[in-house]
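So the chains spell out like this:
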Amino acid sequence: MHSLKPGHLVYIPSSVELIKYNLNEDCPSDCMLTKQPLRVLITRQSDKNKNVGIHYEGSTWYVRETDIANGGE
């Protein structure tokens with residue numbers, strides 16, 4: 001897997017789960033499945049759960065590292 005860092009543009013296919021966390025990031029506050037492919041910016045590097053923070057609809061959402069690709073590769 002390639003290195004995913006803040007500022008990288010990534011491609012997320014449709015039907016991928018996005019998770020939003022409360023401010024303390026202990027438990028999810030919202031989740032959704034993407035309805036169409038997205039191109040988004042990474043805002044946070046991978047955490048211990050292999051989730052990457054992305055900027056989507058004005059907030060930070062998290063997606064599994066294995067569900068994304070650099071710039072639509």
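For the structure itself, consult the block above.
Residues numbered from 1 in each chain as written. Predicted model: local features only at pLDDT ≥ 70, side-chain atom pairs only at ≥ 80, totals over all residues. Heavy atoms only, no water.

K.L.:
Go over the overall build of the protein chain, please, and point to the residues and values.
P.N.:
Helix and strand content of the protein chain: zero helices and seven strands. Counted from the first residue to the last, the protein chain has its helices and strands arranged as β-β-β-β-β-β-β. The C-alpha radius of gyration computed for the protein chain amounts to 11 Å, which stays within 12% of the reference 11 Å derived for 73 residues, consistent with globular compactness. Overall, the C-alpha framework of the protein chain stretches about 30 × 25 × 20 Å when taken along its three principal axes. When burial is assessed residue by residue, the protein chain has 32% of its 73 residues classed as buried. Of the contacts formed within the protein chain by residues at least 6 apart in sequence, a portion of 53% connects residues at least 24 apart. Carbon together with sulfur atoms contributes 48% to the accessible area of the protein chain, which is approximately 4,700 Å² in total. The positive charge centre, built from 8 side chains, and the negative charge centre, built from 9, are 3 Å apart in the protein chain. (Helix = DSSP H or I, 4+ residues; strand = E, 2+ residues; numbered from the N terminus. Rg over C-alpha atoms; globule rule 2.2 N^0.38 Å. Buried < 20%, exposed > 50% of the residue type's maximum accessible area, 1.4 Å probe, protein only. Contact = heavy atoms within 4.5 Å. Areas by Shrake-Rupley, 256 points an atom, 1.4 Å probe, with all protein chains shown as cover. Lys, Arg positive; Asp, Glu negative; His and termini not counted. Charge placed at Lys NZ, Arg CZ, Asp CG, Glu CD.)

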